[in-house]
Amino acid sequence: MQVVTGAFGYIGREIARQLLAQGHTVRTVTTHPEKPDPFDGEVEARPYDFDNPERLVGHLRGAEVLFNTYWIRFAHGGATFAQANQNTRTLLAAARQAGVHKVVHISVTHPDLASELPYYRGKARQEMDVAGCGLPFAIVRPTLVFGRGDILVNNIAWLLRRFPVFPIFGGGAYRLQPVHVADLGRIAIRAAGASGDAVWDAAGPEILAFKGMVQMIRDRVSPRTWLVRSPPWLGLALGRLIGLLLGDVILTRAELDGLRQEKLVSNQPPLGTTLFSDWLAANATVLGRRYASEVARHFAWQPDEPPGAVLAEPEEGD
Ligand SMILES: NC(=O)c1ccc[n+]([C@@H]2O[C@H](COP(=O)([O-])OP(=O)(O)OC[C@H]3O[C@@H](n4cnc5c(N)ncnc54)[C@H](OP(=O)(O)O)[C@@H]3O)[C@@H](O)[C@H]2O)c1
């Protein structure tokens, strides 16, 4: 049996899908066990139970590998990075007590304890806790992950479809190296079988400037939208305004700073093979048709909401 945290979420869902396809039994530990289940009951859902470690141990008992995706994108509604780090330590201690054989932890490229960006600082702290938890481990560090269920690329397309202009923050020359979610799933499962502890970047085969990436999306989904160079403060202010209207946080200042610092580019040979350009061509007709809300997924979800509020459109060909 394998445990995947957040298997009704984005990356966890893909890892769980691949594990099921390989014949594994999968259990998930999730913030919302009652969320719409994309696996039709095939994946048993248990709550995180961070405040009841004994129950958490029970949820993990019998697992060969714990695939951990748990993290928060930004502090909001009482959720903080410090709490997310504490929760990760609780999860890891429970895994050890439950006799889990190995932890495969999903991190991010360029985590850094000295970073001024709390996301990257917190991810570095998380990695230290994984490495020190006493279990064999693999750390997989993705760049920007694209594919079914993604938020950032989907919402760039959504904004391009709905507005006549799109701001390119600070010129957009900063680069990213997106990786497809299915490639990341394969890399994570391969890491589970690696001998010895491993720390691998998960990056795709293309390095794109942010502006070039937005141009590619624009050309596919809304060729008449103008891309306009904007100072970061103006783009963020517009994003905040639209976010307020949608009840979401579109992009934080820290996320923009991370992009501009090229945190989402790997300096290792890429393990991912899917070209962003190919995926975009295959998915352009559905990409960005519906807004994907981080707040709806993680903070404001109600059991009576339709599944569309939290589950993404399937990709073409799925
Ligand atoms: N998406 C990317 O492009 C990307 C890039 C680099 C690294 N990563 C890393 O990959 C991992 C998985 O990311 P993902 O995009 O797949 O995330 P996700 O599905 O949104 O969340 C992963 C897990 O964390 C939980 N979670 C997220 N936000 C939360 C909040 N505010 N409060 C409580 N629980 C919360 C989710 O809860 P539920 O169980 O309710 O879904 C799920 O269990 C994270 O560690 C992330 O840092 C992602």
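Above this text you will find the structure in question.
The structure presented is a predicted model; accordingly, all values stated were derived computationally and were not measured.

Caption draft 1: Examining the overall build of the protein chain more closely. Of regular secondary structure, the protein chain possesses 11 helices and 13 strands. Against the compact-globule benchmark of 20 Å for 318 residues, the protein chain has a radius of gyration of 19 Å, which places it among compact chains. By its C-alpha atoms, the protein chain is 55 × 45 × 40 Å across when sized along the principal axes. Burial status across the protein chain gives 55% buried among its 318 residues. For the protein chain, contacts bridging at least 24 residues in sequence account for 78% of all contacts bridging at least 6. About 13600 Å² of surface is accessible on the protein chain, with carbon and sulfur atoms providing 54% of the total.

Caption draft 2: Local environment of the packing of aromatic side chains. For the coordinates displayed, the defined rule picks out 15 aromatic pairs. Relative to Phe 276, the ring of Phe 146 lies with its centre 5.1 Å away and its plane at 85°, an arrangement referred to as edge-to-face. Here Phe 146, found in strand E7 (residues 145–146), pairs with Phe 276, found in helix H10 (residues 276–283); they are 130 residues apart in sequence, far enough to count as distant. Exposure class is identical for Phe 146 and Phe 276. Each is buried. These aromatic residues form a ring-pair network of at least three members: Trp 71, Phe 81, Tyr 119 and Tyr 120. The lysine or arginine in question, Lys 263, covers the ring of Tyr 120, its NZ or CZ lying 4.8 Å from the ring centre.

Caption draft 3: Structural context of the layout of surface pockets. The space that makes up the second largest pocket amounts to roughly 400 Å³. Looking at the lining of the second largest pocket, the elements that each hand over two or more residues are helix H5 (152–162), strand E8 (165–169), strand E13 (226–230) and helix H8 (232–246). Across the lining of the second largest pocket, the residue classes break down as 18 nonpolar, four polar and one charged.

Definitions and cut-offs
Residues numbered from 1 in each chain as written. Predicted model: local features only at pLDDT ≥ 70, side-chain atom pairs only at ≥ 80, totals over all residues. Heavy atoms only, no water. Helix = DSSP H or I, 4+ residues; strand = E, 2+ residues; numbered from the N terminus. Rg over C-alpha atoms; globule rule 2.2 N^0.38 Å. Buried < 20%, exposed > 50% of the residue type's maximum accessible area, 1.4 Å probe, protein only. Contact = heavy atoms within 4.5 Å. Areas by Shrake-Rupley, 256 points an atom, 1.4 Å probe, with all protein chains shown as cover. Phe/Tyr/Trp six-rings, centres within 6.5 Å; stacked < 30°, edge-to-face > 60°. Lys NZ or Arg CZ within 6 Å of the ring centre and 35° of its normal. 1 Å grid on protein atoms, 1.4 Å probe; cavity = no way out; pocket = protein on both sides within 12 Å on 5 of 7 lines; lining within 4 Å. Points joined across faces, edges and corners; volume = space filled by probe spheres on them. Nonpolar A, V, L, I, M, F, W, Y, C, P; charged D, E, K, R; others polar.

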